[in-house]
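# A closer look at the structure
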Amino acid sequence: MQPEHDWTTTCPGPGSYSQGSGISKYMRTNVQNPTITPRELISAWGRILNGRLPMLSIEITRECPLSCPGCYAYGENHLSGGVTLAKLSDYHGDALVDRVLNLVREHKPLHVSLVGGEPLVRHRELSRILPELSAMGIFTLVVSSGVIPIPAEWNSLPRVRVAISVDGLPEHHDIRRKPATYERILKNIKGRKINVHWVITRPMLERPGYLEEYVAFWSGREEADRIWLSVYTPQVGEQSPEMLSPEDRVYLADELLRLAEIYPKLLFKDGIAKAILRPPASPADCVFAKLSVNYTADLRTRVEPCVFGGTPDCSQCGCAISSALHWIRNARVAGPLKIDHFISSSVKVGLLANRIRSRSAHTSRWISTGPAATKEGLVQIQS
Ligand code: SF4
Ligand code: SF4
């Protein structure tokens, strides 16, 4: 089971991508509340050039009324230095509002993910934070279990989205995520617009028809704007029933591509399928890790090397945003230039900008000696 912040958390999301041509192919511009536009993506490169990371994720509380089996947010290895989320000091009230906004002002991200624990434990503070972020032109995603009602007024805020984690059909979800059962979620999202986020684990592949049943159910719910998914991502050395085998991934990729043709709310493209079959080799090879910075509930300690924390097994990564970014890194943006070239080049220039500035942005994961970092030139142009 992934915590609420698995994908997911810091990301324009696969929901940002739609059919088209050129850069616009990856943008949603035909919806009321677009997640990101070409202009914003280009401004993200500008931020990287300035030594800043465009995606910020914050675990705004250590509290959660759920106790999902396998939740690693509260695990010993989620944070470094022997600290655990449950033992951290966190904030509420004015202190939380002010400190979150200060963190955002410091990092100047393009996209903010607010996660937990259960972020809606702090719904009063979020009702003050979200309008501020919206007014700052920042895209914000709140990832929740749906255990607490979504304030109706959030739906009218530009650039604000709420994703509800629904991990399988009730036969799995209601047992693992009690008290955030289907019944409670449906009550708490009534009249709202949400994204559904689904972490696929191995038991969900055992019953024929399971995947389609899930997609059909949520496609039929008017509250669900779109459905995006992650595949369970283990930690290095983990052996658990949730993990998918390579054969499972092949089946999953084929089946989800089929379902995406039938159910347009399901966001699953050929490139994401390829990324699920061939995830990044390491954090150094992960565009998502390179472009994001993640804080836990004391608003000081960072979660490394990505939102998962600990030592995630990148070779089995199923994170939705990592998959989406791994996919678009090979997309051409101008002639032979690919998005990955711009990101790699921008990171190098951003490192230089950080050295020049007295107070650098948080770019430790940019300084990699891994294979992905060493083989890339400033700008690679294909022959
Ligand atoms: S809902 Fe709470 S207990 Fe469950 S995975 Fe998320 S953070 Fe962990
Ligand atoms: S590839 Fe590795 S670093 Fe990137 S999101 Fe997945 S687990 Fe994290």
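Report on the accompanying structure. (Residues numbered from 1 in each chain as written. Chains lettered and ligands numbered in written order. Predicted model: local features only at pLDDT ≥ 70, side-chain atom pairs only at ≥ 80, totals over all residues.)

## Topic: the overall build of the protein chain
What counts, and what does not: A run of H or I in DSSP becomes a helix once it reaches four residues, and a run of E becomes a strand once it reaches two; helices and strands are each numbered from the N terminus. Exposure in this text rests on C-beta crowding, where 20 or more other C-beta atoms within 10 Å of a residue's own make it buried, 12 or fewer make it exposed, and counts in between make it partly exposed. The C-beta atoms are placed from the backbone. In this description, any two residues whose backbone-derived C-beta atoms lie within 7 Å of each other are considered to be in contact.
Broken down by element type, the protein chain carries 12 helices and nine strands. Here the protein chain holds 383 residues, and the buried ones make up 47% of them. Relative to all contacts within the protein chain whose residues are 6 or more apart in sequence, the contacts with residues 24 or more apart total 77%.

## Considering the environment of H123
Looking at the secondary structure, you find H123 in helix α3 (residues 123–135). H123 gets classed as partly exposed once you count the C-beta atoms within 10 Å, which come to 17. Sequence separation between H123 and P149 is 26 residues; the distance between their C-alpha atoms is 9.2 Å. Once residues within four sequence positions are removed from consideration, H123 is found in contact with I148 and P151.

## Side note on the packing of helix α2 (residues 93–107) against α3
Let me state the cut-off plainly: Geometry is summarised by axes, namely lines fitted to C-alpha atoms with helices restricted to the contacting stretch, and by angles between N-to-C directions that run from 0 to 180 degrees. Every angle not falling under 35 degrees, over 145, or within 65 to 115 is termed oblique; those three ranges are roughly parallel, roughly antiparallel and roughly perpendicular. With the far helix as reference, a near helix turned anticlockwise by less than a right angle produces a left-handed crossing, and one turned clockwise produces a right-handed crossing. For this classification, Asp, Glu, Lys and Arg are treated as charged, while Ala, Val, Leu, Ile, Met, Phe, Trp, Tyr, Cys and Pro are nonpolar and the rest, including Gly, are polar.
Relative orientation of the contacting elements α2 and α3 amounts to 25°, with a least axis distance of 9 Å. Here α3 runs roughly parallel to α2, going by the angle between their axes. Crossing of α2 over α3 shows right-handed handedness. Each of G93, L96, V97, V100, L101 and V104 in α2 lies in contact with α3, whose residues at this interface are E125, R128, I129, E132 and L133. Classifying every residue of the contact of α2 with α3 gives seven nonpolar, one polar and three charged.

## Some points on α2
Definition in use: Every helix has an expected span of 1.5 Å times one less than the residues it contains. Starting at the helix axis, one direction is taken to each C-beta atom, and the arc is that of these directions.
For α2, built from 15 residues, the straight-helix expectation of 21 Å at 1.5 Å per residue is met to within 8% by its first-to-last C-alpha distance of 22 Å. Along α2, the residues that are buried comprise L96, V100 and H107. Around the axis of α2, the buried residues are gathered within 40° of arc, so they sit on the same side. Away from its buried face by more than 90 degrees, α2 exposes D94, A95, N102 and R105. The elements touched by buried residues of α2 are β1 (55–59), α3 and β7 (292–295). A positive phi of about 50° marks K108, the residue just after α2.

## Things to note about the site of ligand 2
Rule in force here: Put plainly, near means the residue's C-beta atom, positioned from the backbone, lies within 6 Å of the molecule or strand in question.
Lining the immediate surroundings of ligand 2 are 15 residues, of which C286, C306, P312, C314 and C317 lie closest. Taken together, the residues of the shell around ligand 2 break down into 13 nonpolar, two polar and no charged.

## Some thoughts on the nonpolar core
Heads up, the rule is: Core membership is restricted to buried Ala, Val, Leu, Ile, Met, Phe, Trp, Tyr and Cys residues, and these are joined into a nonpolar core through C-beta atoms within 7 Å.
Core analysis: the largest hydrophobic core is formed by 78 residues, its most contacted members being I164, W198, I200, I227 and F288. The dominant element in this core, judged by the number of residues it contributes, is strand β5 (residues 194–200), at five residues. Leave out the neighbours within four places in its chain, and I164 touches S144, G146, I185, I189, I194, V196 and H197.

## Details of the pairing of strand β3 (residues 139–144)
To keep things clear, this is the line we draw: At least two bridges found by DSSP between two strands is the condition for calling them paired. Place the viewer so that the strands point away; then a crossover is right-handed whenever the path from the first strand over the helix to the second strand goes clockwise.
Within β3, six of the six residues are buried, leaving the element largely enclosed by the surrounding structure. Covered by surrounding structure in β3 are F139, L141 and V143 together with T140, V142 and S144, the residues of both alternating faces. One ladder, built from four bridges, connects strand β2 (residues 111–115) with β3; its direction is parallel. Counted as the bridge partner of L114 is V142 from β3. Handedness of the β2-α3-β3 crossover: right-handed. Bridge count between β3 and strand β4 (residues 160–165): five bridges; the pairing is parallel. Opposite V142, over in β4, you have V162 as the bridge partner.

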